[in-house]
Amino acid sequence: MLRSTKIRRDVESSGAVPSQAAVDGAISKLHGYFRGIQSDLGYWWGELESNNTMEAEYVMLSRFLGHHNPERERHIVNYLLSKQLADGSWSIYYGAPGDLSTSVECYFALKLCGEDPESDAMSRAREFILQRGGLPRVRVFTRIWFALFGQWDWEGTPRLPTEMMLLPDWAPLSIYRFASWARGCIVPLSIVLSKRPVRPIPPEQAIDELLPNGRAGTDYTLPKPPGFTLPRLMHIIDETLGKIYYRVKKFNPLTKAAEKRAIRWILEHQEDDGSWGGIQPPWVYSLIALSICGFPNDHPAIKRGFHGLDGFGIQKDDRWTIQGCISPVWDTCLVVQALAESGVSTDDPMLASATNWLVDKQILVGGDWQVQARQLQPGGWAFEFHNNCYPDIDDTAEVVLALRLGKLPDDKDFLRQQAIDRALDWVTGMQNRDGGWASFDKNNNHAYVTALTFSDFGEVLDPSSADVTAHVLEMYGKLGYKINTESLQSAYRYLRFEQEDNGSWFGRWGVNYVYGLGAVLPALEAIGEDMKQPYVRRAVQWLLDHQNDDGGWGESCASYVDIEQHGVGPSTASQTAWALMALIAAGDGDHPAAHRSVDYLLRTQQPDGHWEEPYFTGTGFPGYIKGERVSRVPKPGERGFQGMELSAGFMINYHLYRNTWPLLALARYRNRIYTEPQPCSQSATYESQKFLPQSRYQRRPAVD
C-alpha cells in the first residue's frame, strides 16, 4: 500500500501564499461545474459508489423473484468483470485487498447469469475463494443468500424467531433496541429465517466447487465465538433453543400472529419510491419476505419495490451498476453551503431553487424515532428523496446550515424560518444521554444486543458519534448559540471526552480521523471556543504531522483496522479539504501547511473544475458491531476481527465529495486570507432567538 512520508512541518520551512487570482479561478470553475449539473428541480445528486455485492445481490434477488432481465444481466456481468482484481477477487473499497464474501457473491451472480465457469475470470475467482477457505468461511448474510437457493444448509444460519415482533417496545430484545438499518433487516429476515425457503436452481448453476470438502464433508454450523463470553453463551442458547423452536413452530399459536405483525410492519414502512429505509439491505430482504409469504410479483408493494430498486441503477455504456443508497439531500445541502460561502448570491436561481427544494423536503410526519421520543414533533430531513420513517440528525444539521445561507422570495421566506425552527426543536429533542447525537435514533446504545449470534455482522447499534455531534454544534454555533449556552455544555463535554490522546477525533461517517478533525474543529470555532487551548493545538499538530509531501492529506479505509494507517494514505481532494477547513477553524489558515494544501488543490483540479478521486472517503459502517470507535481493534481469532479488506464494513465513494468539499474549503481560505472575515449571505440569516423552539405542527401518533 502506498504510504506517504510524514514529516513535521515548521512554520519557517515553506508554503508560499497562492495567488488570489488562482483561487478565484478554481472557485469560478466550480461554480460553472455545479451550475451545469444541477437538476431542473433544484437539487444535486452524485453517484454513491460502494461494493459489488450490490450488483451480485440484485442478480440473486431477480432470480429468486423470477424477475430477471437477460439484457440487464449482461450489462451487470460486464460491470462485475470490469471490477475484478488481478488475483480474481472483488473488494470492499478502492485499493483494498480482495474480500472473500464479496468474491463468493460475485462468482455466484456471474454463474447465475451464464458466465462460463472455466473462463479465466471465473477460474481466478474460484482459486482466490478456495485459497481462503471457500463457502464455509463467508459471513452470515452471504450464508443466508445461498441458503435461499439451496447452496447452503439453513442449519448454518442464525435463529431469529418472528415472535420477537410481539415484544413491547421497551422489551430488552425489541426490534427498537437495534439501529434503524439493522431493524429494517431484522423484521423481514425474521420471516425468512423462520420459514427457511429454498428456490432451486439448475444443477449447472450450483456452486459445489466452492465447498472444499464437498457437501457431505462440510460443517454447516456457525463459528463459535472464542472464550466463555456473553456472545459464546448466546451462541449456545441459539443452537439449543433453535432446534426446539423449529420442531414446535407449527404448533405455536403465536407464530401466525407474529408473522402477520411483521408483514404489516413491512408494508407500513415501505416508502413512496418503493424502498425500505432508502437503503439496499432492508429493501431486498423485505421483497424476499413478502414473496415467500405469498405476495405475487404483480402485488403493488413488490412492483413498486422492484421498480424503485431499478431507479437506483446507473447505466454506464454497456455496464450497469446499482447504488446501495442515494444522497440527494446530503449532496444538495453541502453544495448550497459551498456555493453560498464562495460568493454566489442568494438571489441566484441556482441557490434559490435549491433552497426551495430543501424546504419542501422537510419531513413533517413521525417515524421510528418516536419510540424513544414520543412527545417530540417531527422536523428533520432524510438522506434520500423518500425516507419519511428515518430522518437523520446529520442531514438535518447540514440542511439547517444551508438554509441559514439561503433565501426565499420575501412573501415565502417565513417558510424557511419555520423549517429551521422545527429542525432545532427536533434535533434538540434527539440528544442522547451522553450529550452527543447519533444518526437516526435516541439512546440506541444497548450493547447486549450485539452478543446475539445474528448480530455478528457490520453494526447493529446507533450510538453518539463525534462527527454528527460536531455538525450539530456547528449548526447551533452559526445560529448564534455559544459555548456558554447551558444546553450545549453536555455536547461540548462529550466531544472533549471523545478526543484521542494524540489529539484527533474518530470519524464514524467519513474516513476517518481527518474527517473527524474536519468536523470537530469548525464546530468548536462556531460555538466560540478558544482555539489556542492545548487540546486544540494537539489536534492541529496531528494534522501537521500527517500532511503528505505533495501538500494534501489522505487516509485509507484501512485506518479503521490498523492504527498504523491513521491519517495515512494517498492525497485526495475531499480529505485535503477537510484538513484545510480544520486548520482555518483553528486559526491556522495562514500556516504554510494550509497554503501547501491549497496549492495541491489548485494543481490537481481538472480543466472543467472537478477532481479525480477513485478513493473511498465516505463511511457507511466501519464494521465494529457496536457502531462506535473501539479502544482496541480485535486481533485474529477474536470476535469482530477483520483485516485490511474490511469484511464487515461498508465504505462509500461519494462522487460529489471531491468537488463540494474543496469548494467550501477554498471559499473559507479565500475569505480568511484575502479579505476580512465576513458572515456569508448577511441578508439571509436566521432570525429566531429561541434556543428550544416550540413547534406549531402536529406529529403523527406515536409508533404502535
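Each remark here, short or long, concerns the structure printed above.
Here we summarise the structure given alongside this text. (Residues numbered from 1 in each chain as written. Predicted model: local features only at pLDDT ≥ 70, side-chain atom pairs only at ≥ 80, totals over all residues. Heavy atoms only, no water.)

## Looking at the overall build of the chain
Helix and strand counts for the chain come out as 22 helices and 5 strands. The proportion of buried residues among the 704 residues of the chain is 63%. For the chain, restricting intrachain contacts to residue pairs at least 6 apart in sequence, the fraction spanning at least 24 positions comes to 77%. Approximately 26300 Å² of the chain is accessible, and the part contributed by carbon and sulfur atoms is 53%. (Helix = DSSP H or I, 4+ residues; strand = E, 2+ residues; numbered from the N terminus. Buried < 20%, exposed > 50% of the residue type's maximum accessible area, 1.4 Å probe, protein only. Contact = heavy atoms within 4.5 Å. Areas by Shrake-Rupley, 256 points an atom, 1.4 Å probe, with all protein chains shown as cover.)

## A short note on the packing of aromatic side chains
Across all of its chains, the model carries 37 aromatic pairs by this definition. Taking the centre distance of 6.2 Å and the plane angle of 80° together, the rings of Tyr476 and Tyr481 count as edge-to-face. We note that Tyr476, like Tyr481, is buried. Measuring from centroid to centroid gives 6.4 Å for Tyr513 and Trp542, while their planes differ by 50°, and the two rings are tilted. Taken together, the residues Tyr513 in helix 18 (residues 513–526) and Trp542 in helix 19 (residues 534–545) connect sequence positions 29 residues apart. We note that Tyr513, like Trp542, is buried. Through a chain of ring-to-ring contacts, three or more aromatic side chains come together here, namely Trp330, Phe383, Tyr515, Trp578, Tyr654, Tyr657 and Trp661. In this arrangement the basic side chain of Arg199 is found over the ring face of Phe64, its NZ or CZ atom lying 4.1 Å from the centre. The ring centre of Trp509 lies 3.7 Å from the NZ or CZ of Arg508, which sits over that ring. (Phe/Tyr/Trp six-rings, centres within 6.5 Å; stacked < 30°, edge-to-face > 60°. Lys NZ or Arg CZ within 6 Å of the ring centre and 35° of its normal.)

## Brief notes about empty space enclosed by the protein
Over the atoms, a rolling probe the size of a water molecule traces out where space has been left empty. Scanning the entire structure with this criterion turns up 2 cavities of 30 Å³ or more. When its volume is computed, the largest cavity comes out at roughly 120 Å³. Put simply, the parts of the chain that give the lining of the largest cavity at least two residues each are helix 16 (466–478), helix 18, helix 20 (573–585) and helix 22 (657–673). Considering each element in turn, the lining of the largest cavity owes the most residues, 4 residues, to helix 18. Counted by class, the lining of the largest cavity contains 7 nonpolar, 3 polar and 3 charged residues. (1 Å grid on protein atoms, 1.4 Å probe; cavity = no way out; pocket = protein on both sides within 12 Å on 5 of 7 lines; lining within 4 Å. Points joined across faces, edges and corners; volume = space filled by probe spheres on them. Nonpolar A, V, L, I, M, F, W, Y, C, P; charged D, E, K, R; others polar.)

## What about the sheet that holds strand 1 (residues 48–49)?
Hydrogen bonding along the main chain pairs the strands of a sheet, whether they run parallel or antiparallel. If you trace the 3 strands from one edge of the open sheet to the other, you get 1-5-4, paired in antiparallel fashion. Looking at which strands have only one partner, the edges of the open sheet turn out to be strand 1 and strand 4 (618–621). As defined by bridge partners, strand 4 adjoins strand 5 (residues 650–654) across 3 bridges and the pair is classed as antiparallel. Counted as the bridge partner of Thr619 is Met651 from strand 5. (Pairing = 2+ DSSP bridges.)

## Looking at the packing of helix 10 (residues 280–292) against helix 11 (residues 300–310)
For the pair helix 10 and helix 11, the least separation of the axes is 10 Å and the interaxial angle reads 155°. Viewed along their axes, helix 10 and helix 11 adopt a mutual orientation that is roughly antiparallel. Where helix 10 crosses over helix 11, the two elements pack in a sense that is left-handed. Counting all contacts with helix 10, which are made through Trp283, Val284, Leu287, Leu290 and Ser291, the residues of helix 11 involved are Ala301, Ile302, Gly305, Phe306, Gly308 and Leu309. Each residue belonging to the contact of helix 10 with helix 11 can be placed in one class, and the counts come to 8 nonpolar, 3 polar and no charged. (Axes fitted to C-alpha atoms, helices over the stretch in contact; angles between N-to-C directions. Parallel < 35°, antiparallel > 145°, perpendicular 65-115°, else oblique. Left-handed = near helix turned anticlockwise from the far one by under 90°.)

## Some words on the nonpolar core
Grouped together as the largest cluster of nonpolar side chains are 215 residues, with contacts concentrated most on Met475, Leu521 and Leu524. Beyond its immediate stretch of four places on either side in the chain, Leu521 contacts Trp505, Met531, Val536, Ala539, Val540, Ala582, Ala585 and Ala586. (Core = buried A, V, L, I, M, F, W, Y, C linked by side-chain atoms within 4.5 Å.)

## Structural notes on the pattern of salt bridges
Summed over the entire model, instances satisfying the criterion amount to 30 salt bridges. Note that Glu259 and Lys195 form a salt bridge whose closest N and O atoms lie 3.3 Å from each other. Of this pair, Glu259 sits in helix 9 (residues 253–268) while Lys195 sits in helix 7 (residues 180–195), placing them 64 residues apart in sequence. Under the relative-accessibility criterion, Glu259 is labelled buried at 15%. In this structure Lys195 comes out as partly exposed when scored by relative accessible area, which is 34%. Among the ionic pairs, Arg668 bridges to Glu474, the shortest N-O distance being 3.6 Å. Of this pair, Arg668 sits in helix 22 while Glu474 sits in helix 16, and the two are 194 residues apart along the sequence. A residue is classified by how much of its surface remains accessible, and Glu474, at 6% relative accessible area, is buried. Beyond isolated ion pairs, a larger network of salt bridges with shared partners links Glu341, Glu474, Lys478 and Arg668. (Salt bridge = Lys/Arg side-chain N within 4 Å of Asp/Glu carboxyl O.)

## Examining helix 16
With 13 residues, helix 16 ought to run about 18 Å at 1.5 Å a step, and its terminal C-alpha atoms sit 18 Å apart, in line with that. Counting buried positions along helix 16 yields 12 of 13 residues, so the element is predominantly enclosed. Along helix 16, the residues classified as buried are Ala466, Asp467, Val468, Thr469, Ala470, His471, Val472, Leu473, Glu474, Met475, Tyr476 and Gly477. Backbone geometry just after helix 16 places Gly480 at a positive phi near 110°. (Expected span 1.5 Å × (residues − 1).)

## Description of the pairing of strand 2 (residues 313–316)
Here strand 2 runs beside strand 3 (residues 319–322); their pairing, made up of 4 bridges, is antiparallel. What sits directly across from Gly313, in strand 3, is Ile322. In textbook terms, the turn of a hairpin is the stretch between consecutive antiparallel strands, and for strand 2 and strand 3 this stretch comprises 2 residues, one of which, Asp317, has a positive phi near 55°.

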